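# Residue-level structural notes
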Amino acid sequence: MATRIMGTGSAIPSRIVTNQELEGFLDTSDAWIQERTGIGSRHAATTETTTSLAAKACLKALEDAGKQPEEVDLILAATVSPDCTFPCLACEIQAAIGADHATAYDINAACAGFLFALNSADAYIRCGMYRNALIVGAEVLTKIVDWNDRSTCILFGDGAGAAFVQEAEEGVVDMVQGANGKKGMALYRFEARTNTPFSEVAAAMEETKDSGYLEMNGQEVFRFAVSQVPDSIQKVLERTGWEKSEVDHYILHQANARIIQSIARRLGELEEKFPMNLHQYGNMSSASIPVLLDELNRAGKLKRGEKIILSGFGAGLTYGATAVIW
């Protein structure tokens with residue numbers, strides 16, 4: 001028994017923000033951004049919400065799989081930028097698409113979130129608890145970045161990607177995943193802290209208020225990614241018994257072109273096996289892997305029986321790799 005991806009979908013906001021537009025209010029340039037990141041533009045939600053993007057992606061995934069919302073057993077939503085703290089995004093999706101019979105909850109593993117959701121769905125299906133699952137990574141990151149900070153705001157964009165999975169003979173083969181909490185503060189965003197009449201930190205907070213924006217140590221995240229991702233991929237290859245030459249596609253979290261190129265070199269693999277779409281979307285966190293997966297699927301670039309490695313890393317710091325037979 002395995003868990004197979006039967007359908008994919010994605011949704012992207014209509015508003016495009018180019019590097020040239022950022023030049024109008026940031027001390028940066030298109031050349032500077034592209035050289036360091038590979039990003040040329042990103043999409044920013046205006047009328048769209050995390051829920052509306054996620055629901056649209058999910059409906060497209062169901063259509064691609066030939067399924068109806070009422071057939072869904074489980075919804076797992078990966079996000080760090082939901083519309084509400086509660087109800088969770090997955091429950092909002094359930095209501096929006098009419099998947100009334102589905103269990104629904106969120107996963108926060110940041111940029112590795114979709115991967116963790118896929119692995120969780122696989123575990124549920126393998127143990128017989130659910131027959132299928134709708135998994136989605138959805139983000140509106142533009143609302144949590146400081147648009148005066150050129151080191152972070154240039155990197156991120158909004159979007160959602162989804163996949164419908166169900167029990168099959170082939171599909172997810174094996175996975176590795178983990179976390180390094182000791183390095184977690186390399187990428188963080190604080191929520192409101194305790195500030196009540198009973199709190200000893202209330203007065204101190206008046207002097208040290210958190211920005212509420214995403215904060216990142218880019219060099220630390222880069223070092224983590226280029227060492228941990230190849231290690232995760234090597235481990236999952238060993239667990240499956242696959243040779244690198246057998247892998248048709250490495251579908252990685254789309255954070256930075258330099259990171260992906262470095263990973264390819266460390267693995268000794270051709271860059272052509274590492275598709276990228278970050279030039280037009282930037283870093284969409286949990287949405288990056290499923291959006292790329294959907295684009296490849298709809299372009300006919302994924303063939304049944306091909307061997308694929310999905311791998312991601314993100315705040316936490318979280319990481320993982322999953323071997324899939326398409």
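Residues numbered from 1 in each chain as written. Predicted model: local features only at pLDDT ≥ 70, side-chain atom pairs only at ≥ 80, totals over all residues. Heavy atoms only, no water.

### A look at the overall build of the chain
Filter applied, for reference: Runs of E in the DSSP output that reach at least two residues are strands. Runs of H or I that reach at least four are helices, and both are numbered from the N terminus. Note on definitions: a residue-residue contact is assigned when non-hydrogen atoms from the two residues lie within 4.5 Å. In short, Shrake-Rupley with a 1.4 Å probe defines the accessible areas, and a residue's cover is counted only from the protein chains shown. When charges are counted, Lys and Arg are positive and Asp and Glu negative, with His and the chain ends excluded. Note on charges: their place is set at NZ of Lys, CZ of Arg, CG of Asp or CD of Glu.
Along the backbone of the chain there are 11 helices and 13 strands. Here the contacts in the chain between residues at least 6 apart in sequence split such that 77% fall between residues at least 24 apart. Summing over all exposed atoms, the chain offers an accessible surface of approximately 14,100 Å²; the carbon and sulfur share of this is 48%. When the 29 positive and 42 negative side-chain charges of the chain are each reduced to one mean point, those points stand 4 Å apart.

### As for the sheet that holds strand S6 (residues 132-139)
Inclusion rule: One bridge is not enough; two strands pair if DSSP finds at least two bridges between them. As a rule, the C-alpha atoms of each element are fitted with a line to give its axis, helices using only the stretch in contact, and angles between N-to-C directions run from 0 to 180 degrees.
Strand order in the open sheet made by the five strands is S1-S7-S6-S4-S5, with mixed pairing throughout. The open sheet has two edge strands with one neighbour each: strand S1 (2-11) and strand S5 (103-107). Strand-to-strand, the axes of this sheet are offset by a mean angle of 20°, without reference to chain direction. Bridge count for strand S4 (residues 74-78) against S5 is five bridges, and the pairing is parallel.

### A word on the side chain of arginine 42
Applied cut-off: A 3.5 Å cut-off defines polar contacts: any pair of N or O atoms within that distance qualifies, except that in protein one atom must be a possible hydrogen donor and the other a possible acceptor, and neighbouring residues in sequence count only when both atoms are side-chain atoms.
Position of arginine 42 among the secondary structure elements: in strand S3 (residues 41-44). A polar atom in the side chain of arginine 42 sits 2.9 Å from the side chain of asparagine 19. A polar contact is formed between the side chain of arginine 42 and the backbone oxygen of isoleucine 154, at a distance of 2.7 Å.

### What about unusual backbone geometry?
Omega for the bond connecting phenylalanine 86 with proline 87 falls within 30 degrees of zero, at 5°, which places this linkage in the cis form. Residue position: proline 87 is located in the loop between S4 and helix H4 (89-97). For the bond from glycine 316 to leucine 317, the omega torsion is -5°, close enough to zero to count as cis. Looking at the secondary structure, you find leucine 317 in the loop between strand S12 (307-314) and strand S13 (318-325). Phi angles above zero are rare outside glycine, and alanine 110 is one such case at about 55°. Looking at the secondary structure, you find alanine 110 in the loop between S5 and helix H5 (113-126). Within the chain, serine 285 stands out as a residue other than glycine whose phi angle is a positive 50°. Secondary-structure assignment places serine 285 in the loop between helix H10 (278-281) and helix H11 (288-298).

### What to know about the environment of isoleucine 309
For isoleucine 309, the position within the fold is in strand S12. The spatial distance from the C-alpha of isoleucine 309 to the C-alpha of alanine 57 is 22 Å, given a sequence separation of 252 residues. Residue contacts for isoleucine 309: discarding those within four places in its chain leaves Ile233, Val236, Leu237, Trp242, Val247, His249, Tyr250, Ile251, Thr322 and Ala323.

### Looking at H4
Defined as follows: Only protein chains enter the accessibility calculation, which uses a 1.4 Å probe. A residue is then buried if its area is under 20% of the maximum for its type, exposed if over 50%, and partly exposed in between. Each C-beta atom gives one direction from the helix axis, and the arc is the one those directions make.
Among the residues making up H4, those that are buried are Leu89, Ala90, Ile93, Gln94 and Ile97. Angularly, the buried residues of H4 cover 145° about the axis, an arc narrow enough to put them on a single face. Those residues of H4 hidden inside the fold are in contact with helix H3 (50-65), S4, S5 and S6. Positioned one or two residues after H4, glycine 98 has a phi angle of 80°, which is positive.

### Regarding the nonpolar core
Here is the rule we go by: Definition used in this section: a nonpolar core is a set of buried Ala, Val, Leu, Ile, Met, Phe, Trp, Tyr and Cys residues joined via side-chain atoms within 4.5 Å.
Ranked by internal contacts, the top residues of the largest apolar core, which has 45 residues, are Ile233, Tyr250, Ile263, Phe274, Ile309 and Phe313. Of all the secondary structure elements, the ones that give two or more residues to this core are helix H8 (218-240), strand S11 (249-252), helix H9 (257-267), S12 and S13. With eight residues, the top contributor of residues to this core is H8. With near-sequence residues (within four places) excluded, phenylalanine 313 lies in contact with Cys111, Ala112, Val221, Phe224, Ala225, Val229, His253, Ala255, Ile259, Thr318 and Tyr319. Residues Phe116, Tyr130, Ala163 and Leu292 belong to the second largest nonpolar core, which totals 29 residues.

### A look at the pattern of salt bridges
Note the following rule: By convention in these notes, a salt bridge is any Lys or Arg side-chain nitrogen within 4 Å of a carboxyl oxygen on Asp or Glu.
Applying the stated rule across the entire model yields 14 salt bridges. Between arginine 189 and glutamate 191 there is a salt bridge, with its nearest N and O atoms 3.1 Å apart. Classification of glutamate 191 as exposed rests on a relative accessible area of 55%. Its salt-bridge partner being lysine 307, residue glutamate 246 comes within 2.5 Å of it at the nearest N-O pair.

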